[in-house]
Amino acid sequence: MKFRPELSVNQNIQLPFKTKVTLHLKREDLIHPIISGNKYRKLKYNIAFAEAHNHDTLLTFGGAFSNHIAAIAEAGRVYGFKTIGIIRGEELHDKIQDNPTLKFAQSCGMQFKFISREQFRLKSTQSLIEKLKREYGDFYQIPEGGTNDLAIKGCQEILTPNDKQYDCICASVGTGGTLSGLINSSSLSQQVLGFSALKGDFLKEDISKFATQNNWQLLTNYHFGGYAKINGDLVTFINQFKTAQQIALDPVYTGKMLYGIFELIQNGFFKDNAKILAIHTGGIQGIEGMNKRLKQKQQQLII
């Protein structure tokens, strides 16, 4: 399937409350059903580099429901790479068929290695990488979440000259790569807000490594308990948004960001007549896995 970045239109969002603020959503999710949103942007130049240097294998790290794992697997299928996924959690070894993300990645040809959470924390160490090279041979390594210099370069292309009209650019934050790209390509007069999907403010340091401007702020109040944690309020919001706007939101990233934006608008965080552009970073494949967890707990499902 071809990638269609030109489909990333800015869609007006009808707000369900009275306000002078306007909100548009950049539909990066329309680029591709799996390699969508920021995953396409992060992989664009990494794939080009791997091809130019004659690598035939991509290796990366991720969790059980990772959008990144699914995107790498699909990219391998599309571009003809062998793919290896180093997955957090040894207990998942015999549960691939019960996990929509891993099942999909395997169908694309991805080979898995399941490691303990303690080992996974060593994913950036040279000792683990050398061990993996001894086991699998040469490969092109893409970090968990996909963030590196080439990913930042791709994410800098999310904003277009037409987006200079907005006062504020908003994005969800997982590793900080997407936000860093947005910061670097934004105008100094624009405010860039990152909505952390993880608990804590440690991402500030990671973002600062790549960001070349200081017109940004990391908001840490909308993680809903931590990475991939959700509650009934968030599910209700995502479902109401889908019904009203006919746009699906993933529960790990974009759903949390838009919940936060709606609340901030209602609380007067933005100036009157502010024009906001929020980035839909895709990740819709994760809904099926999240619904499986919600169903087991007999909780409301995401529509």
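The structure we're discussing is the one just above.
Quantities reported herein were computed from a predicted structural model and do not represent experimental measurements.

Listed as buried for helix H3 (residues 100-107) are Pro100, Thr101, Leu102 and Ala105. Along its buried surface, H3 packs onto helix H2 (67-79), strand E4 (82-88), strand E5 (111-115) and helix H11 (286-296). Backbone nitrogen of Thr101 and a side-chain oxygen of the N-cap are separated by 3.0 Å at the start of H3; the cap is Asn99. Following H3 by one or two positions, Gly109 has its phi on the positive side, about 105°.

Interaxial distance between helix H9 (residues 232-245) and helix H10 (residues 254-266) falls to 10 Å at its minimum, and their mutual angle equals 85°. Relative to H10, the element H9 is oriented roughly perpendicular. Where H9 approaches H10, its residues Asp233, Leu234, Phe237, Ile238 and Phe241 are matched on the opposing element by Gly255, Lys256, Leu258, Tyr259 and Phe262.

To continue, consider the packing of aromatic side chains. Across all of its chains, the model carries 12 aromatic pairs by this definition. An aromatic cluster of at least three residues, connected via ring pairs, comprises Phe17, Phe224, Phe237, Phe241, Tyr259 and Phe262.

The subject of this paragraph is the sheet that holds strand E8 (residues 191-196). Judged by pairing direction, the sheet is mixed, and its 6 strands sit side by side in the order E1-E2-E10-E7-E8-E9 without closing on themselves. In this open sheet, the two strands that pair with only one neighbour each are strand E1 (10-12) and strand E9 (216-219). The average undirected angle you get between the axes of adjacent strands in this sheet is 25°. Examined bridge by bridge, E1 and strand E2 (residues 22-27) share 3 bridges and lie antiparallel to one another. Residue pairing for E2: Asn10 is matched across the bridge by Lys26.

On to the environment of Leu7, then. Within the secondary structure layout, Leu7 lies in the segment before E1. Taking the C-alpha atoms as reference, Leu7 lies 7.5 Å from Arg27; in sequence the two are 20 residues apart. Apart from the residues within four sequence positions on either side, Leu7 is in contact with Arg27 and Leu30.

What follows deals with the layout of surface pockets. Its volume calculated, the largest pocket comes out at about 750 Å³. Lining of the largest pocket is provided by 36 residues; of these, Glu144, Gly145, Thr147, Gly174 and Thr175 occupy positions nearest its centre. For the lining of the largest pocket, the elements supplying multiple residues, two or more each, are helix H1 (38-52), strand E3 (57-62), H2, strand E7 (168-173), helix H7 (177-185) and helix H8 (203-210). Split into classes, the residues belonging to the lining of the largest pocket amount to 11 nonpolar, 19 polar and 6 charged. Considering only enclosed or pocket space, the second largest pocket measures out at about 290 Å³ in volume.

Close approach of charged atoms allows side chains with opposite charge to pair. Evaluation of the coordinates by the stated rule reveals 12 salt bridges. With its nearest N and O atoms 3.9 Å apart, the salt bridge here joins Lys271 to Asp167. Taken together, the residues span a long stretch of sequence, with Lys271 in the loop between H10 and strand E10 (275-280) and Asp167 in the loop between helix H6 (149-155) and E7 at a distance of 104 residues. Of the residues examined, Asp167 reaches a relative accessible area of 27% and is grouped as partly exposed. With its nearest N and O atoms 3.7 Å apart, the salt bridge here joins Asp206 to Lys209. Within this pair, Asp206 and its partner Lys209 are both found in helix H8, separated by 3 residues, close to a single helical turn. Residues joined by salt bridges that share partners form a network here, namely Arg88, Lys123 and Glu144.

Our focus in this paragraph is the environment of Thr175. Relative to the elements of secondary structure, Thr175 occurs in the loop between E7 and H7. Under the relative-accessibility criterion, Thr175 is labelled partly exposed at 27%. When the C-alpha atoms of Thr175 and Leu198 are compared, they prove to be 9.1 Å apart, with 23 residues separating the residues in sequence. Dropping the residues within four chain positions of it, Thr175 is found in contact with Lys42, Glu144, Gly145, Thr147, Leu203 and Asp206. Looking at Thr175, its side chain comes within polar contact range of the side chain of Lys42, at 3.4 Å. A distance of 2.5 Å separates polar atoms of two side chains, one belonging to Thr175 and the other to Thr147.

Reading the values: rules and limits
Residues numbered from 1 in each chain as written. Predicted model: local features only at pLDDT ≥ 70, side-chain atom pairs only at ≥ 80, totals over all residues. Heavy atoms only, no water. Buried < 20%, exposed > 50% of the residue type's maximum accessible area, 1.4 Å probe, protein only. Helix = DSSP H or I, 4+ residues; strand = E, 2+ residues; numbered from the N terminus. Contact = heavy atoms within 4.5 Å. Polar contact = N/O pair within 3.5 Å; in protein donor to acceptor, adjacent residues only side chain to side chain. Axes fitted to C-alpha atoms, helices over the stretch in contact; angles between N-to-C directions. Parallel < 35°, antiparallel > 145°, perpendicular 65-115°, else oblique. Phe/Tyr/Trp six-rings, centres within 6.5 Å; stacked < 30°, edge-to-face > 60°. Pairing = 2+ DSSP bridges. 1 Å grid on protein atoms, 1.4 Å probe; cavity = no way out; pocket = protein on both sides within 12 Å on 5 of 7 lines; lining within 4 Å. Points joined across faces, edges and corners; volume = space filled by probe spheres on them. Nonpolar A, V, L, I, M, F, W, Y, C, P; charged D, E, K, R; others polar. Salt bridge = Lys/Arg side-chain N within 4 Å of Asp/Glu carboxyl O.

By themselves, these are just geometric observations and shouldn't be taken as functional.
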